[in-house]
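Observations on chain architecture
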Amino acid sequence: EAVRRVLLLGEGNFSFAASLCGAAGTHVVATCYESEEEVSGRGRAAESIRRLRERGAEVVFSVDCTKLKDYFLPEKREFDCIYFNFPHCGRKAGVVKNRELLAHFFHSSAEVLTEEGEVHVALCNGQGGTPADQPRREWHNSWQIVAVAAGAGFILSNVHAFKAETIHGYKCTGYRSQDKPFCVEGALNHIFTRSMPLPYFKPMICEIELESQKVSFQVPQVLVDKIDRGFLELNSNHPVRTIKEKLTAELSQAFPLQNIDYCLSLLHQGHLNGVCHSNIFWIILNPEETPSTEEMSNGLANAVLFSHVDFCRDTDKNGWVNVQEGCHISKQYYLRPSLLPYAQAIIQRGAFLPGTLHVLSGPVFRKCLITPYSMPVFHEMLFVCAVNRGTEKSCIQMLVNNIKTSIHSLHQTVSGFKLNINLQEEASFETTELNDFAAFESQLSRIQYFICMEIDASGSCEKGYCVGIIRTAHYELVSSELVVVFASLNLDLLAMLICGIPDWRMLWTSDTRFLRQFPRGKLRLFKSFSLYPPSYVHDVSFWIPDGEQFDEVAFHTIARRVSGEMVVSIQLIDCFQQSETGRKSLCYRLTFQSCDKALSRQEVAEMQLLFRKEIKQCLRVTLR
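To start, this report covers the structure provided alongside it.

So, how was this worked out
Residues numbered from 1 in each chain as written. Predicted model: local features only at pLDDT ≥ 70, side-chain atom pairs only at ≥ 80, totals over all residues. Heavy atoms only, no water. Helix = DSSP H or I, 4+ residues; strand = E, 2+ residues; numbered from the N terminus. Contact = heavy atoms within 4.5 Å. Areas by Shrake-Rupley, 256 points an atom, 1.4 Å probe, with all protein chains shown as cover. Pairing = 2+ DSSP bridges. Axes fitted to C-alpha atoms, helices over the stretch in contact; angles between N-to-C directions. Parallel < 35°, antiparallel > 145°, perpendicular 65-115°, else oblique. Nonpolar A, V, L, I, M, F, W, Y, C, P; charged D, E, K, R; others polar. Salt bridge = Lys/Arg side-chain N within 4 Å of Asp/Glu carboxyl O. Buried < 20%, exposed > 50% of the residue type's maximum accessible area, 1.4 Å probe, protein only. Phe/Tyr/Trp six-rings, centres within 6.5 Å; stacked < 30°, edge-to-face > 60°. Lys NZ or Arg CZ within 6 Å of the ring centre and 35° of its normal. Lys, Arg positive; Asp, Glu negative; His and termini not counted.

1. Regarding the overall build of the chain
Counting secondary structure elements, the chain contains 14 helices and 27 strands. Nonlocal contacts in the chain, meaning residues at least 24 apart in sequence, comprise 71% of its contacts between residues at least 6 apart. Carbon and sulfur atoms form 48% of the exposed surface of the chain, whose accessible area is close to 29200 Å².

Here is the structure:
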């Protein structure tokens, strides 16, 4: 079994190192900043150093924690755990100096830590600046440890009390660089791990078969990491697949059931009545030769025969796209925003069995404003059943009862919180309560019922969320009039609410620590591996073009694209109109925050500069 290598930094009297030394399978390397002569005069230091050496530990003096790789040969640089207890620049150094020390320390640690290693930093009460500190200091007066660590690619994965009294023989020392103790009551141990790097997405070409022809198209950049993840495939243990399988199994007990996922194309063509076209991801394609990788990297994809039409476009009076000169087009398509048109097409072709529950599922794509529960892509599950006129209400009731039973069963295996699921009629459902999923569905066709879900945590109900909708339609099929019942569920939103996942972006993370929490076929309460991620705020103000309606969805979609989904909030904080000219100015506040990766202040500043450049070019605004 491999020996676990542990590095301790900034030891005052080596009493902490001595308490760790001797653990089976652990090799300790204990260091301090001072020379051996300076340290030996401290109380009990000489005794601790002797014990360490007797037990086979290495003791190294005069080690600068900001230049760690200089002290170890390349083959001895890989440590599984690094401890730095109560770091301090010494004497009366303020928060800025100590932030700088931590920043250099984290960068240095990244050079000597294993990929799966941990960095433990103990700080006095309030210093860290996270909500774990009680009381919590104001951010500007703290060491801002999560932001400082993010600059070196680390995320805070755990935090717990530093209980000095439980560490045998430990005695803190070093108050204002003297051999004096300091108060460690309320101190916290912060445990950091490496983050996945921020992604850089190259242009991506997707090849599919459409109308018996092989065609290619450029994937919208904001969807590059989401277009083909296979979460619903047989070998997947993603929670959205688990929920889909449980729902299918439950409903198959009450209805004859048929899955028809195999025939669904990613692209759709034609009008979607009532749908705002700024909510659609438009695609231009032509069944001709795909550009080379070199052409793609040179940015030539926008001039070839197929590309993604995103923002730099004009629309006619009906909202349809007029493609810029230079693009040669055979047809206009868009990424499917709903599975409903596929179900309607199957019904109209007659490839449909009355009385059977047909099930369609797959990802759907919609441009939307940035909010915690608004997703530009999610997995829709659509149930379709044709019944005789007059029996549709009993069909709806049976369908909803089985869906409720299944969701309750799933939720009970995860948490003890009370779960409420109810059916609300369209007339009683306030439009202000619509989340993005329900709001878009309302554009497609009239909805009879909304399936709403709320979790009663600690005796107080959270806001209810619409997780599904039910609509009906009349069709003349097989010489008799039938009523077709459609029930649509947002599987991603269900997964978030059932498993306590606070951010939809976590469902799409590439960090393996997410899926490791969900063994095949099991749902559990999600435990975040990135605690208290730092957030950064930037404002942008601009004049909008005269006489033009500002496209807020496009504005939000550009923010998604340039930040790689790191913008979590966009708020309009000021609106001004010049009385003399009538020109209108808007000021928005953007909040950047990652849910699973380290995000530094510098990276956000670069995103903000790119965002300003893109809105100027694509929305023709004049920056202020």
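The structure having been displayed, the exposition proceeds.
2. Concerning the pairing of strand S24 (residues 536–543)
Sheet topology places S24 next to strand S26 (residues 584–592); eight bridges connect them, and they run antiparallel. Counted as the bridge partner of tyrosine 536 is phenylalanine 592 from S26. For S24 and strand S27 (residues 622–623), the ladder comprises two bridges, and the chain directions are antiparallel. Residue pairing in the sheet places tryptophan 543 in a bridge with threonine 622 of S27.

3. Considerations on the sheet that holds S27
Taken in spatial order, the four strands line up as S25-S26-S24-S27 in an open sheet, and their pairing is antiparallel. In the strand order of this sheet, the two ends are held by strand S25 (567–577) and S27, each with one partner. Relative to S26, S25 is paired through nine bridges, and the arrangement is antiparallel. Residue pairing across strands places leucine 572 opposite tyrosine 588, the latter belonging to S26.

4. Digging into the packing of helix H9 (residues 392–414) against helix H11 (residues 491–499)
Two elements in contact, H9 and H11, have axes whose closest approach is 9 Å; the angle formed by their N-to-C orientations is 40°. Overall, the two elements H9 and H11 adopt an arrangement that is oblique. On H11, the residues touching Ile407, Leu410, His411 and Val414 of H9 are Leu494, Leu497, Ile498 and Cys499. Considering only residue class, the contact of H9 with H11 consists of seven nonpolar, one polar and no charged.

5. Brief notes about the pattern of salt bridges
Applying the stated criterion across every chain yields a total of 13 salt bridges. Between glutamate 36 and arginine 53 there is a salt bridge; the shortest N-O distance is 3.5 Å. With glutamate 36 in helix H2 (residues 36–40) and arginine 53 in helix H3 (residues 45–54), this pair connects stretches of sequence that are 17 residues apart. In this structure, arginine 589 engages aspartate 539 in a salt bridge whose closest nitrogen and oxygen atoms are separated by 2.8 Å. One end of the pair, arginine 589, is in strand S26; the other, aspartate 539, is in strand S24, and 50 residues separate them in sequence. For arginine 589, a relative accessible area of 31% puts it in the partly exposed group. Judged by its relative accessible area of 36%, aspartate 539 falls in the partly exposed class.

6. Re the packing of aromatic side chains
Throughout the structure, instances matching the rule amount to 23 aromatic pairs. Where phenylalanine 14 meets phenylalanine 61, the ring centres are 5.9 Å apart and the plane angle is 65°; that geometry is what we call edge-to-face. Here phenylalanine 61 lies in the loop between strand S3 (58–60) and strand S4 (79–85) and phenylalanine 14 lies in the loop between strand S1 (4–9) and helix H1 (15–20), a separation of 47 residues in the sequence. Accessibility expressed as a relative area gives 0% for phenylalanine 14, which makes it buried. Measuring from centroid to centroid gives 5.7 Å for phenylalanine 106 and phenylalanine 154, while their planes differ by 45°, and the two rings are tilted. Of this pair, phenylalanine 106 sits in helix H4 (residues 95–110) while phenylalanine 154 sits in strand S6 (residues 154–161), and the two are 48 residues apart along the sequence. Following the ring pairs from residue to residue traces out a cluster consisting of Phe84, Phe105, Phe106, Phe154 and Phe192. When the ring centre of phenylalanine 79 is taken as origin, the NZ or CZ atom of arginine 5, which lies over that ring, is 4.5 Å away. The cationic tip of arginine 583 hangs over the ring face of tryptophan 543; the distance from NZ or CZ to the ring centre is 4.4 Å.

7. Regarding the side chain of glutamate 392
Within the secondary structure, glutamate 392 is located in helix H9. With no salt bridge to any partner, buried glutamate 392 finds its closest opposite charge in arginine 389, at an N-O distance of 5.9 Å.

8. Describing the environment of valine 621
Relative to the helices and strands, valine 621 resides in the loop between helix H14 (601–618) and S27. In contact with valine 621, not counting residues within four places along its chain, are Phe542, Trp543, Pro545, Phe550, Ile615 and Lys616.

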